[in-house]
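The primary structure of each chain is shown beneath.
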Amino acid sequence: MSDNPLTNYVLAAAICVTVPAVALKLLKSSNLDRVPSVGYSYWPASYVSAFKYMSSAAQILQEGYVKYKGAPFKIPTLNRWVVVVGRQNLEDIKKATDDELSLVEAVNDTIKIDYLIGPAISSDPYHISLARIRLSRKLGLYYPDMKDEVHIAFEEILSLKDNAWKSVVAVATIREIVCRASNRVIVGLPLCRDPDWINLNACYAVDVALDANILNMFPKFLVPFVSKLLPNSAAGIKCAMKHLDPLIKERFRCMKEHGDEWSDKPNDFLQWLIDEKEECTTRQLSLRVLTLSFASIHSTTNTCTQALYNLAAHPQYVEPLREEVDAVIREHGWTKEAMVLMQKVDSFLAETLRLEGVLTTSVQRKALKDMTLSDGTFIPKGTHIYVPTYVFHRDSAIYENPGVFDPLRFFRLGDDGNESGRHQMVAMNRNYFPFGYGKHAWYGCIHLDVPML
């Protein structure tokens, strides 16, 4: 249970109202009767399967994939039935318009964005296209700053002297480094190095997830009321506003005095938001900043940590990877072009993501209207669709010895000289999509290279 008494009371209330509410939800699966199930398909036994999915999602997805030979199947979760689709349905998802299959609505239902962060984030997610366009078009401009921040963070956090060994908590150390490097582009200096800001970024995603899990235990009509009782997300927003308010006011002062351009104008995500002139209050801009951090820091931290563990478990790869980095940097420096040329390092990270990715289902959509997939599967309006990334990335029909960590697997796949880009860590194809699939593939992946390298 939580240390917060209020949260415990809310959880107790959730238990009291959840059973009948979920019973009604799970009974309403008649529109999906033709889609086979994994686990129990009738109430109340399906409720048992829903709880099992919470702790054994990967195993249940694998069971369904094998049992139905890649065809769609459905699983019960605590508050809805979910249809898990096969590889043949990826193009259906890619071609679907946002008013047919919506990522934003799927995420909103799961994380309760409207209640925990703010309805503007889902109704007008302009920050997504802004980050994608600015980072992808001018990514090379930010490599020196991010590399500089990673270097300084390592020196300050590890504080090594005379090459002495030092024990650290890997995930916490890497999370702080990743947070600093990411926020160098998000809010710039000096805030990206502020300990309280770093702690906020480390905790906020966890707090939102915790609050969302609680809200998902309540029927929909109670969510607006219960959300006001949950303190974690609201406290994070308040803390962010405290830090960002003086920055925002100073930047608006400069714009009023000098116009849209001035000599030392910051070039970070916060300033891009201000330049868009879509929103102007501290709260509005703070929510956009927190949302971008939410989407990038923990997934990058997980991948970097797992890569470090894999390197420790396979020390024979340390020297060839270091040699590749040294050779590329000598010729090209720390540039976007240099990152592309580090193909063995990229392969090591891609293989880490294949086996140690954060999500069991990296592609999620909500059907906003009735539709029929190319294989004839009928998807009623309101249905959530998942793609079992965990299972696809371990498919023996695609990968040789899929359960074995093979650091140069993707290097060999691209070594024909014709399709090397197709097998890069941030590339996306039908067999490898740790960042999602289609036009909504996660925009944060495009700036992960520097913190990882």
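For the structure itself, consult the block above.
Heads up: these notes are all about the structure in this document. Model, not experiment: these values are computed from the prediction.

For the rest of this paragraph, the subject is the overall build of the protein. A count of helices and strands for the protein gives 21 helices and seven strands. Looking at the protein as a whole, 51% of its 453 residues are labelled buried. Considering only contacts in the protein between residues 6 or more positions apart, those separated by 24 or more positions represent 70%. Accessible surface, the protein as shown: approximately 21,800 Å² in total, 56% of it carbon and sulfur.

We now examine the pattern of salt bridges. Per the counting criterion, the structure on display carries 20 salt bridges. One salt bridge in this structure joins D395 and R87, with 3.0 Å as the shortest N-O distance. Placement of D395 in the loop between α19 (389–392) and α20 (409–413) and of R87 in the loop between β2 (81–84) and α4 (90–95) is noted, with a sequence separation of 308 residues between them. As far as burial versus exposure is concerned, D395 and R87 are alike and both buried. Put simply, D109 and K366 hold a salt bridge, and the shortest N to O gap is 2.9 Å. Of this pair, D109 sits in helix α5 (residues 103–111) while K366 sits in strand β4 (residues 363–367), placing them 257 residues apart in sequence. The pair formed by D109 and K366 is uniform in burial state, with each residue classed as buried. The network of salt bridges with shared partners includes D145, D148, E149, E156, R180, R184 and R193.

What counts, and where the lines are drawn
Residues numbered from 1 in each chain as written. Predicted model: local features only at pLDDT ≥ 70, side-chain atom pairs only at ≥ 80, totals over all residues. Heavy atoms only, no water. Helix = DSSP H or I, 4+ residues; strand = E, 2+ residues; numbered from the N terminus. Buried < 20%, exposed > 50% of the residue type's maximum accessible area, 1.4 Å probe, protein only. Contact = heavy atoms within 4.5 Å. Areas by Shrake-Rupley, 256 points an atom, 1.4 Å probe, with all protein chains shown as cover. Salt bridge = Lys/Arg side-chain N within 4 Å of Asp/Glu carboxyl O.

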